[in-house]
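What the coordinates show
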Amino acid sequence: PDRDFRSGLTEAVKVALLKDAAFFDYLRKSASKLRRRVANVSKEAIARSCQLHLEHITAGGDPFEALEARPLDFGHWSAHRMEPMTNYALRHGEAVGIGVALDTLYSARKFGFPTPLAHAVCQTLADLGTPLWCDELDTPDEVLRGLEEFRQHLGGRLTVTMLKNPGEAINVHEIDLPVMKSCIDELREIAEQQPV
Ligand SMILES: [Zn+2]
């Protein structure tokens, strides 16, 4: 289904932001074609996404995720929380898209990720046809509980991957909750500007 096809592409956006700025550029420029499932563009995007995930798992030196950092989980602390909050009405990929948008806005506030590019990330996700918002974000404290759940899932101290630039990830060990809440408000405004 189109909905699942588009949902999967949010993981491509995620891995591009983590590892390959040129690939993010490609996704950004190709988003409307990807949304329409244009075959050659889709094939390229899916292949590159798989390749980057695979390279991380096989060549990243941590195939069983024993280290505390889980870069492939970028955007996932909130996604894993929003999925059950919506009774899984939200697809995993849709939740990841929202989570990636949120953590990219946070990265812009805290770690110097270029703000225009953070907005381009949101726009790319919107152009792909995946949501930037779910109403569960109206209770931000409930969503922020996802940080503690994520820490427990990691089994040690909290380690969350954020971005300095496209293709340049960093790990942080605490989240500034008031800033994260204000990023939720910012995301609401960006989502409201999108045509229905
Ligand atoms: Zn995922």
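Residues numbered from 1 in each chain as written. Predicted model: local features only at pLDDT ≥ 70, side-chain atom pairs only at ≥ 80, totals over all residues. Heavy atoms only, no water.

Turning our eyes to something else, we now look at the packing of helix α1 (residues 2–19) against helix α6 (residues 115–128). The N-to-C vectors of α1 and α6 enclose an angle of 155°; their axes lie 10 Å apart at closest approach. Considered as vectors, α1 and α6 are oriented roughly antiparallel to each other. At the point where α1 passes α6, the crossing takes the right-handed sense. In contact with Arg6, Leu9, Thr10, Val13 and Leu17 of α1, α6 contributes Val121, Thr124, Leu125 and Leu128. Here the residues of the contact of α1 with α6 sort into 6 nonpolar, 2 polar and 1 charged. (Axes fitted to C-alpha atoms, helices over the stretch in contact; angles between N-to-C directions. Helix = DSSP H or I, 4+ residues; strand = E, 2+ residues; numbered from the N terminus. Parallel < 35°, antiparallel > 145°, perpendicular 65-115°, else oblique. Left-handed = near helix turned anticlockwise from the far one by under 90°. Contact = heavy atoms within 4.5 Å. Nonpolar A, V, L, I, M, F, W, Y, C, P; charged D, E, K, R; others polar.)

Applying the stated criterion across every chain, the model contains 0 disulfides. Cys134 takes part in no disulfide bond, and the closest cysteine sulfur to it belongs to Cys122, at a distance of 14 Å. (Disulfide = S-S within 2.5 Å.)

Within the protein, the zinc ion binds to Glu11 (OE), His76 (NE2) and His92 (NE2); these donor distances fall in the range 2.0 to 2.1 Å. One chain supplies every donor to the zinc ion, and in sequence these donors are spaced E-x64-H-x15-H. Placement of His76 in helix α4 (residues 76–85) and of His92 in helix α5 (residues 92–111) is noted, with a sequence separation of 16 residues between them. For His76, a relative accessible area of 4% corresponds to the buried category. (Donors = N, O, S within 2.8 Å, 3.2 Å for Na, K, Ca; no water. Buried < 20%, exposed > 50% of the residue type's maximum accessible area, 1.4 Å probe, protein only.)

Applying the stated criterion to the full structure yields 15 salt bridges. Measuring nitrogen to oxygen at the nearest pair gives 2.8 Å for the salt bridge that ties Lys14 to Glu11. Taken together, the positions of Lys14 and Glu11, both in helix α1 and 3 residues apart, correspond to about one turn of that helix. The same class applies to Lys14 and to Glu11, which are both buried. A salt bridge links Arg109 to Glu186; its shortest N-O distance comes to 3.0 Å. Remark: Glu186 occurs in helix α8 (residues 177–192) and Arg109 occurs in helix α5; sequence separation between them is 77 residues. Look at the salt bridges and you will find they share partners, linking Arg81, Glu142, Arg145 and Glu149 into a network. (Salt bridge = Lys/Arg side-chain N within 4 Å of Asp/Glu carboxyl O.)

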